[in-house]
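Spelled out, the chains give:
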Amino acid sequence: MDTRCRKQAKTSSCCSEEVSSIEWEFINMSEQEEDLIYRMYELVGDRWALIAGRIPGRKAEEIERFWIMRNGEIFANKRRELKIYNS
């Protein structure tokens, strides 16, 4: 009877644990890892677990975060600011 109420309570509590993407640290990847990520993305799309399986020591979350940081608008603006600041 009350299963709907319990399910709603579970979903609302899990969302409060999310971390803002602005708080992410930049991920350093080697040139070979970056190249492999770009090539694998062209082949399989955003199947991060599959891509991470080809790179030893990397998790799917790291690969996805790296991709978002490299190709996302917010992080592109941050990279531009860092380049200007460091120049």
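Everything quoted here is computed from the prediction, not taken from an experiment. (Residues numbered from 1 in each chain as written. Predicted model: local features only at pLDDT ≥ 70, side-chain atom pairs only at ≥ 80, totals over all residues. Heavy atoms only, no water.)

S.K.: Whenever I open this one, the confidence of the model for the protein confuses me. Can you help?
M.R.: As a note on interpretation, predicted positions should not be read in detail where pLDDT is low. This prediction gives the protein a mean pLDDT of 75; 67% of its residues lie at or above 70. Across the protein, the secondary-structure element scoring lowest on mean pLDDT is helix H1 (residues 3-15), at 45, and the one scoring highest is helix H3 (residues 48-52), at 95. (pLDDT = per-residue confidence, 0-100. Helix = DSSP H or I, 4+ residues; strand = E, 2+ residues; numbered from the N terminus.)

S.K.: Which parts of the structure should I look at to understand the packing of aromatic side chains?
M.R.: Remark: the centre distance and the inter-plane angle together describe each pair of aromatic rings, the angle taken between the planes. Per the counting criterion, the structure on display carries 4 aromatic pairs. Both rings, one in Tyr-41 and one in Trp-67, keep their centres 4.0 Å apart while their planes meet at 25°; by these two values the pair is stacked. Separated by 26 residues along the polypeptide, Tyr-41 in helix H2 (residues 31-44) and Trp-67 in helix H4 (residues 60-71) bring together distant segments of the chain. Between Trp-48 and Trp-67 the ring centres are 6.0 Å apart and the planes differ by 45°, which places this aromatic pair in the tilted class. Of this pair, Trp-48 sits in helix H3 while Trp-67 sits in helix H4, and the two are 19 residues apart along the sequence. Comparing Trp-48 with Trp-67 shows no difference in burial state: the two are buried. (Phe/Tyr/Trp six-rings, centres within 6.5 Å; stacked < 30°, edge-to-face > 60°. Buried < 20%, exposed > 50% of the residue type's maximum accessible area, 1.4 Å probe, protein only.)

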